[in-house]
Amino acid sequence: QLQTTMARIAWYQEKIGAYDQQVWEKSLEKGLDSKPKKACYIKPDLIDVDLVRGSTFSKAKPESPWTSLTRKGLVRVLLFPFFFQWWIQVTSKSISSCIFVLYFMQVAAVVLYLEVPGASASEVFGPMCLMLLLGTVHCQIVSTECSRWPSGSPAASSTTSPAQQEGSGASLKVKPRELERLRPSVGSRPASDTDDTLWEELLQGSDSASTGSSDSEGNGRCNTGSPLPQSQLTWLQACHPSKDRVSAIIWEQGECKKADMSVMEISGIILTRVKLVEQGMGYLVLGGLVTVTLALLPFAFRLAQHLDISSVSSMSPTELAELAVGPPDAQAYTFFFITTVQRVCLTGLFFFMMCVAERTYKQRLLFAKYFSHLTSARKAKKSEIPHFRLKKVQNIKMWLSLRSFLRRRGPQRSVDVIVSTIFLSALSISFIICAQLLHSHKTFLQSLTNWELMLWGSSLILFLLRLATLGSETNCKYSNSSVLLTEQINLYLRMEKKPNKKDELSIVNNVLKLATKLMKELDTPFRLLGLTVNPLIYNITRVVILSAVSAVVSDLLGFNIRVSGAFLPNVDDTFLVLLLNVKMSTAWFL
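Keep in mind the model is a prediction, meaning the values are calculated, not measured.

Engineer: Mind showing me how you'd approach the overall build of the protein here?
Structural biologist: Tallying secondary structure elements over the protein gives 23 helices and four strands in all. For the protein, the proportion of its 590 residues judged to be buried stands at 40%.

Laid out in structure tokens, this is it:
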């Protein structure tokens, strides 16, 4: 019915538009069907703006919107036993079995909660929310697997797919054994966003032509043909800079040598260097400490409520345990055991996920750091990476290609999902804490839920600050124009030494200036929120949180404060003008 209505709207639009059409406008609607056409090819020596922006090195994306993925994730967690085989495919049998046990422990905890008088609501509903959140996040992360293969099945048939081009008439060859290695088997864990092997194999294919046909396989496997459509492979081979090479200096056992290297080869060396760097364990330890604290917090809270400081020295450990857990009762002890196990497991998984995001951001910073060392002979030798100067236009093209390629390496969308979850969770917790403070700030610390929220909010903010710092430093490394300015100075020095090459070096100098302007034009400030949302909703959400904070501070300190534009980065100018003079008071929220 909705499509029919939209079709009628389109029909009426064309109908009323025909009344004021002129001859020139009608001629445009005839199209190009009658025009003569001839065969052509895309020139691979030119670049698109997508190359500098990074869109050329695309990553796998889900076919469904995030709202649909969220709904599917919630259903697959709530009805976990019915989707057990799906969970085995996207994780593993052992992990799915552990989640299966946690699921039924959660059901038992809900039943026992009604029978245990001393139980807190946060003890049973906290793990439930965590399980739903983790399941939804994982569902969004693995949603790209179905879009990797045209048929929607991760199992592709062994085939070779021709792709006519790399103007030369050559074709791309995908060997059966390479395709077999690249595809996961049925029931195995799907490939992650870090798997760029498929791109590298396709883009570095041989020049010989080959053809093949897809063979049907047993065990429910589908005929999928080539991993990518022929038209897409043709475009990749024509536009992708994988065949371009630069004369780079490398150091082997202290000796300086030259070698012609491609973007893939240089990035491979940098990737190896990044993997060799030992990562710190500080935030992993922090996550472990917060996990243990959250697991023991209910017992400590009950102990503090019933404990008399004056008589604590005369109490035995058994009496202290009874104050924390309650009198001996099978149902109560079973409930507290289940909730403690759930808290440890699910909270540990959540902080493990945050540590994965923090590690990814650190590796991105290392990629940016090694990239900034490429044009410095001393730093390149110290970092054991190739070195080349931007003394030719081709070198500048390679430098821009490598810059975009390194920025796209590693997990991208999956980590954005994790970071968005952390951000939105911290946002929600902050709003709840502010609302609780406004409602009853005098009795705020007398609730176990509020203590848990404060601990969660503090830990999430620490991780967000860490991620924001790493992300900003990474952006600064990639957007640092001092490298290009230094290369411009080197060009002038070369002009002085070699006057006969002044015209050639002047062209390179002009290209460097254009590259600097283009980078400034395309680069955007670092934004921590990876989830794409409506800008208006995003800004309204931030204003609501700031309003809540303003109201809390006004209520506690006794005077009103204003929301400053400094607290609202990246807000639309029109929307910001409406907010600058808005007075946030306690009465507005009450």
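Engineer: In this structure, what is going on with unusual backbone geometry? I would like to understand it.
Structural biologist: Phi is mostly negative for residues that are not glycine, and the peptide bonds are mostly trans. In the Ramachandran plot, glutamate 384 falls in the positive-phi region, its phi being about 60° despite a non-glycine side chain. Examined against the element boundaries, glutamate 384 turns out to sit in the loop between helix H15 (377-383) and helix H16 (393-408). Looking at glutamate 384, the relative accessible area reads 55%, which means it is exposed.

Engineer: Can you help me understand the packing of helix H11 (residues 263-276) against helix H14 (residues 330-372) in this one?
Structural biologist: The geometry of a pair of packed helices is captured by two quantities: the angle between their axes and the separation between those axes. In contact at an axis separation of 10 Å, H11 and H14 are set at 130° when each is read in the N-to-C sense. The pairing of H11 with H14 is recorded here as oblique in orientation. Classified by chirality, the crossing of H14 by H11 is right-handed. Counted together, Ile270, Leu271, Arg273 and Val274 of H11 and Gln363, Leu366, Phe367 and Tyr370 of H14 form the full contact between these two elements. Here the contact of H11 with H14 is built from residues that sort into six nonpolar, one polar and one charged.

Engineer: Looking at this structure, how should I read the UniProt feature "transmembrane region" (unreviewed entry) in the protein?
Structural biologist: Sites flagged by UniProt as "transmembrane region" (unreviewed entry) map to residues 94-114, 281-301, 332-357, 417-438 and 453-471. Across residues 281-301, helical content stands at 95% and strand content at 0%; the span's end C-alpha atoms are separated by 29 Å. End C-alpha to end C-alpha, residues 332-357 measures 37 Å, and it is 100% helix and 0% strand.

Engineer: What am I meant to see in the environment of threonine 486 here?
Structural biologist: Of note, threonine 486 is situated in helix H19 (residues 482-497). Overall, the relative accessible area of 40% leaves threonine 486 in the partly exposed class. Each C-alpha atom of the pair threonine 486 and serine 376 lies 9.7 Å from the other, and the pair is 110 residues apart in sequence.

Engineer: I would appreciate a short explanation of the confidence of the model for the protein in the present structure.
Structural biologist: When pLDDT drops low, the exact placement of atoms in the prediction is not to be read closely. Taken residue by residue, the protein gives an average pLDDT of 75. The fraction at 70 or more is 70%. Contacts from residues 148-165, a stretch scored under 50 in pLDDT, to residues over four places away or in other chains number 81 contacts. Every residue in residues 235-239 scores below 50 in pLDDT, and together they form 17 contacts with partners more than four places removed in sequence or on other chains.

Engineer: Would you take a moment to explain helix H20 (residues 502-522) for this structure?
Structural biologist: Every α-helical turn comprises 3.6 residues, leaving residues that sit three or four positions apart pointing alike. Between its terminal C-alpha atoms H20 stretches 30 Å, which fits the 30 Å expected from 21 residues at 1.5 Å a residue. Within H20, burial applies to Leu505, Val508, Asn509, Leu512, Ala515, Thr516, Met519 and Leu522. For H20, the arc enclosing every buried residue in end-on projection is 160°, short of the 170-degree limit, so these residues lie on one face. Within H20, the exposed residues directed more than 90 degrees away from the buried face are Asp503, Ile507, Leu514, Lys517 and Glu521. Buried residues along H20 sit against helix H3 (49-53), H16, helix H18 (448-478) and H19.

Engineer: In this structure, what is going on with the pairing of strand E1 (residues 245-252)? I would like to understand it.
Structural biologist: On a regular strand, each side chain points to the face opposite its neighbour's, so the side chains alternate between the two faces of the sheet. With eight bridges joining them, E1 and strand E2 (residues 255-262) adopt antiparallel strand pairing. Counted as the bridge partner of isoleucine 250 is lysine 257 from E2. Remark: two residues form the turn of the hairpin made by E1 and E2, two consecutive strands paired antiparallel; glutamine 253 in that turn has positive phi of roughly 55°.

Engineer: In this structure, what is going on with the pattern of salt bridges? I would like to understand it.
Structural biologist: Two side chains of opposite charge can pair, provided their charged atoms sit close to one another. As enumerated under the stated definition, the model contains eight salt bridges in all. Glutamate 123 serves as the salt-bridge partner of arginine 302, at 3.0 Å between the closest nitrogen and oxygen. A relative accessible area of 9% means that arginine 302 is categorised as buried. Look at glutamate 123 and you get buried, because its relative accessible area is 1%. One salt bridge in this structure joins glutamate 384 and arginine 273, with 3.4 Å as the shortest N-O distance. With glutamate 384 in the loop between H15 and H16 and arginine 273 in helix H11, the pair connects residues that are 111 residues apart, well separated along the chain. Judged by its relative accessible area of 19%, arginine 273 falls in the buried class. Counted as one network, the salt bridges with shared partners bring together Glu358, Lys362 and Arg466.

The rules behind the values
Per chain, the residues get numbers from 1 upward, laid out in the order the sequence is written. Only residues with pLDDT of at least 70 get local features here, since the model is predicted, and only at 80 or more are side-chain atom pairs given and counted; chain-wide, interface and lining totals rely on the full set of residues. Calculation of side-chain values draws on the structure's entire complement of heavy atoms; hydrogens and water are dropped beforehand. A run of DSSP states H or I qualifies as a helix once it reaches four residues; a run of E qualifies as a strand once it reaches two. Both are numbered from the N-terminal end. Relative accessibility decides the category of a residue: with a 1.4 Å probe and only protein chains considered, values under 20% of the type maximum give buried, values over 50% give exposed, and everything between is partly exposed. Fitted lines through C-alpha atoms give the axes, limited to the stretch in contact for helices. The angle between two N-to-C directions lies from 0 to 180 degrees. Oblique is the label for any angle not covered by the other classes, which are roughly parallel (under 35 degrees), roughly antiparallel (over 145) and roughly perpendicular (65 to 115). A clockwise turn of the near helix away from the far one marks a right-handed crossing, whereas an anticlockwise turn of less than a right angle marks a left-handed crossing. Any two residues having at least one pair of non-hydrogen atoms within 4.5 Å are treated as being in contact. Here the term charged refers only to Asp, Glu, Lys and Arg, the term nonpolar to Ala, Val, Leu, Ile, Met, Phe, Trp, Tyr, Cys and Pro, and the term polar to all other amino acids, Gly among them. UniProt positions are given in the numbering used here, feature names are shortened, and annotations may be inferred rather than shown by experiment. Per residue, pLDDT captures the predictor's confidence, and it can take any value from 0 to 100. The length a helix should cover is 1.5 Å for every residue beyond the first. It is the directions from the helix axis to the C-beta atoms that the arc portrays. A strand pair is defined by DSSP finding two or more bridges across the two strands. We define a salt bridge as a side-chain nitrogen of Lys or Arg found within 4 Å of a carboxyl oxygen belonging to Asp or Glu.

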